[in-house]
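Structural characterization, general
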Amino acid sequence: MAAADCSVRRVIVADDDDLVRMVVRTVLEAEGFIVDEAATGADAVAANARERADLVIIDAHMPGLPLSTSLADLVAARDNSGAPGIVVISGDLYRPTDASDPTVGFLAKPVDLRTLLDTVDLFAVHPVGNGNGAT
Amino acid sequence: MQVLTTRAALGGPWAANGAGTLLLFPPSVLLVVLQESTTPFPSIFALVATALAQFTAGFAPVLIAMIVRRSRSTPFPLSASFSIWILTAVIRGVVGGVIAETVAGVPPEYALRIAFWLTLAVFWMPVFVYTLAHWELRRALLGELDAEVIRLSAEIERGEHATGALRDQLVATVRDAVSPVIDEIRRSLAAVAHDLDQNSIRSIGGRIAIVAADAARIVDNAGHPRRHHVAESPHVTKTRAVFFSVRLPLPTALLTGLLLAPLAIPIGFRASVALGWEVAVALVVVMASLALAFGARRLRPERSHGRGVAYVFVASILAGFTGSIAIVALPWATLDPTALVLAAVLPLGVGMCGATIGSVLGVAEANRELSERITLVRADIDRRAQDSDAEERRVREQLTAVLHGPVQGRLSACVMALNFHEASGDSVTAARTTFITSAVLDHLEAAAADLDALAENLR
């Protein structure tokens, strides 16, 4: 398993497929993350506003808000440290054009466990003053 | 747009051409008969012999020019073309004079004979060669148009295909490729659900990953725009090339008479002054008849399309007959052998001349219109091709979008669930395995149902 940061970090997993949310949540919790789930982009944005997450993993194709809008809201909500980190996860073979921002990560489904944990480790950013300590 | 310049027309292959020379054989025989009508040849065979000899000898410069042409890729300059025709005229005049002197024992009259053929070379050869060059271009253009029309039909068909059939084809391809595999995986997973070991999980996860990737690849690759190419232009008959509307009927009538005058009137005057005037009057009658015939034709333009040259030819023959009647029926008609020969050959001569002049005045314009039509058809093809490409892209994107959520998304979720579960190793409980198996089976079932409903979802 990847060596995720030892401090407790919060991840929001946004995917309209409950099986994906469930399995990602399971592995991240096993790695010591606090995981919140969201089934739409709007839920993910709201959850981030509430919880100030270190990372948002967001599916590119979900009902409701278009990806570009969700990403814009999440990027706008970033603090000085750049939290939350954002990773777009998609069944498309290539990175969606909406996620061309180089500060946004990309994972193609189906993603293997090693890649998922490495990417989470790379993009999770501690929000300033959330009490978890900076990475 | 293909444009044939005057130099390209008069200096091109038809300036010195075997087939073109052969085409000139019948009128040249008529002209020899006319020219020699006052020559006391001992028999008709001598007349035929002089016609053949003049024609054969006159072919020599054409033959040399044809050989020279083989090493050239550019048209002859106009001066070269006229030189060939003038040399041919001189040779014919000399050969005709020699035979007349030798066989009939009359003065050779070289100047007169050469002048006669020079008139033909200077006035008629350019008209003849220009017409043939444009007829040939017309055949090529008609072939091009036919090919473009075939491409247009194919593009129209593709346009219709892009909207409905392409979508059905894509859906069927995806369904045929993916559904059986999903069903098979479901059966395999259900069979080992109670005894699911790490290897089975890895194997089934790998197979689902492959089928998920296949679904994406099929949509990406299938139904790419296809362009229809017609390898070569369809064959166009020579007859079809001369089917075009003859314009400018009055100038056609006028020019036909005026260009016949330097050939026919001197022959009349050579026989007698009276016959000279008779021929002049006959040509005026011919011009008036042609003007009437062409004018009447113009009143019904809708019938002229496609049969212009044929009509002009027949109308000219009939007009020639009115000239023949004038020659033999005028109150002061001489009715000597030359007059009778003139009256006999005039209909055919006027027919050929009328058709040639009618062509030369109409064919360039007809070709320009044809060329414009080809350009329009090509533009239509390009526009339709762009529309079809856009429509095919839209259908693919639509299918990709529909596939992603219900089908690929579920398949990917299955793969991730199985892979993550397998990666958990020995720490997983039997209850967890049962839960994951059940969730994956539900997802596969849902993916299969989504595939079945794919066509409906795209409507």
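Residues numbered from 1 in each chain as written. Chains lettered and ligands numbered in written order. Predicted model: local features only at pLDDT ≥ 70, side-chain atom pairs only at ≥ 80, totals over all residues. Heavy atoms only, no water.

**Considering the overall build of chain B**
- Scanning chain B from N- to C-terminus turns up 14 helices and zero strands.
- The order of α-helices and β-strands along chain B, N terminus first, is α-α-α-α-α-α-α-α-α-α-α-α-α-α.
- Across the 459 residues in chain B, those meeting the buried criterion constitute 48%.
- A separation of at least 24 residues holds for 84% of the contacts in chain B among residues at least 6 apart in sequence.
- Within the structure as shown, chain B displays about 21000 Å² of accessible surface, and the carbon and sulfur contribution to it stands at 65%. (Helix = DSSP H or I, 4+ residues; strand = E, 2+ residues; numbered from the N terminus. Buried < 20%, exposed > 50% of the residue type's maximum accessible area, 1.4 Å probe, protein only. Contact = heavy atoms within 4.5 Å. Areas by Shrake-Rupley, 256 points an atom, 1.4 Å probe, with all protein chains shown as cover.)

**Quick notes on helix 4 (residues 44–70) of chain B**
Residue and element names in this part refer to chain B.
- Between its first and last C-alpha, helix 4 extends 39 Å over 27 residues, near the 39 Å set by a 1.5 Å rise per residue.
- Of all the bends in helix 4, the greatest, near 30°, is centred on Ala-60, and the proline Pro-61 appears no more than four residues after it.
- For helix 4, the full list of buried residues reads Ala-46, Leu-47, Thr-50, Ala-51, Gln-54, Phe-55, Gly-58, Pro-61, Val-62, Ala-65 and Arg-69. (Expected span 1.5 Å × (residues − 1). Bend = angle between axes of the 7 residues up to and from the residue.)

**Looking at the confidence of the model for chain B**
Residues and elements named next belong to chain B.
- Within chain B, residue pLDDT values average 82, and 87% of them lie at 70 or more.
- Mean pLDDT across the elements of chain B bottoms out in helix 14 (residues 454–458) (65) and peaks in helix 5 (residues 78–104) (92).
- Here residues 302–306 scores under 50 on pLDDT; set against residues more than four positions off or in separate chains, the count is seven contacts.
- With pTM at 0.63, the complex prediction returns an ipTM value of 0.83. (pLDDT = per-residue confidence, 0-100.)

**Brief notes about the interface of chain B and chain A**
- Between chain B and chain A, the contact holds 21 residues from the first and 23 residues from the second.
- Across the chain B to chain A interface the summed buried area is about 1700 Å²; carbon plus sulfur atoms make up 75%.
- On the surface where chain B and chain A come into contact, there are zero salt bridges.
- When contributions to the side of chain B that touches chain A are tallied by element, the ones reaching two or more residues are helix 7 (198–221), helix 12 (337–423) and helix 13 (430–452) of chain B.
- Looking at the side of chain B that touches chain A residue by residue, the class counts come to 13 nonpolar, five polar and three charged. (Buried area = accessible area lost by both parts, 1.4 Å probe. Salt bridge = Lys/Arg side-chain N within 4 Å of Asp/Glu carboxyl O. Nonpolar A, V, L, I, M, F, W, Y, C, P; charged D, E, K, R; others polar.)

**Remarks on unusual backbone geometry**
- With an omega dihedral of 5°, the bond running from A:Ala83 to A:Pro84 counts as a cis peptide bond.
- By secondary structure assignment, the location of A:Pro84 is in the loop between helix 3 (67–76) and strand 4 (85–90).
- With omega at -10°, the peptide bond leading from A:Lys109 into A:Pro110 counts as cis.
- Along the chain, A:Pro110 falls in the loop between strand 5 (104–108) and helix 4 (113–123).
- The residue A:Arg52 is not glycine, and still its phi comes out positive at about 50°.
- At B:Glu109, a position not held by glycine, the phi torsion is positive, near 50°.
- What makes B:Glu109 partly exposed here is its relative accessible area of 32%.

**Observations concerning the packing of aromatic side chains**
- Under the defined criterion, the tally for this structure stands at four aromatic pairs over all chains.
- The positively charged end of B:Arg92 is found above the aromatic ring belonging to B:Trp117, 4.1 Å away from the centroid. (Phe/Tyr/Trp six-rings, centres within 6.5 Å; stacked < 30°, edge-to-face > 60°. Lys NZ or Arg CZ within 6 Å of the ring centre and 35° of its normal.)

**Observations concerning the packing of helix 1 (residues 18–30) of chain A against helix 13 of chain B**
- For the pair helix 1 of chain A and helix 13 of chain B, interaxial distance at closest approach is 11 Å and the crossing angle is 150°. Considering the angle they form, helix 1 of chain A stands roughly antiparallel to helix 13 of chain B. For the crossing formed where helix 1 of chain A meets helix 13 of chain B, the hand is left-handed. Contacts between helix 1 of chain A and helix 13 of chain B involve A:Asp18, A:Leu19, A:Met22, A:Val23 and A:Thr26 from the first element and B:Arg432, B:Phe435, B:Ile436, B:Ala439, B:Val440 and B:His443 from the second. (Axes fitted to C-alpha atoms, helices over the stretch in contact; angles between N-to-C directions. Parallel < 35°, antiparallel > 145°, perpendicular 65-115°, else oblique. Left-handed = near helix turned anticlockwise from the far one by under 90°.)

**As for the confidence of the model for chain A**
All names here are of chain A.
- The share of residues in chain A with pLDDT of 70 or more is 87%, and the mean pLDDT across the chain is 83.
- A low-confidence stretch, residues 1–6 stays under pLDDT 50, and its non-local contacts, those more than four residues away or across chains, total 17 contacts.
- Within the model, pLDDT remains below 50 along residues 128–135, and this stretch shows 15 contacts once partners closer than five positions in the same chain are excluded.

**Considering empty space enclosed by the protein**
All names here are of chain A.
- Per the stated rule, a full pass over the model turns up one cavity of 30 Å³ or more.
- Each pocket or cavity is described by its volume, and for the largest cavity that value is around 30 Å³.
- Elements supplying a minimum of two residues to the lining of the largest cavity: strand 3 (55–59) and helix 3.
- The residue inventory of the lining of the largest cavity, partitioned by class, reads six nonpolar, three polar and one charged. (1 Å grid on protein atoms, 1.4 Å probe; cavity = no way out; pocket = protein on both sides within 12 Å on 5 of 7 lines; lining within 4 Å. Points joined across faces, edges and corners; volume = space filled by probe spheres on them.)

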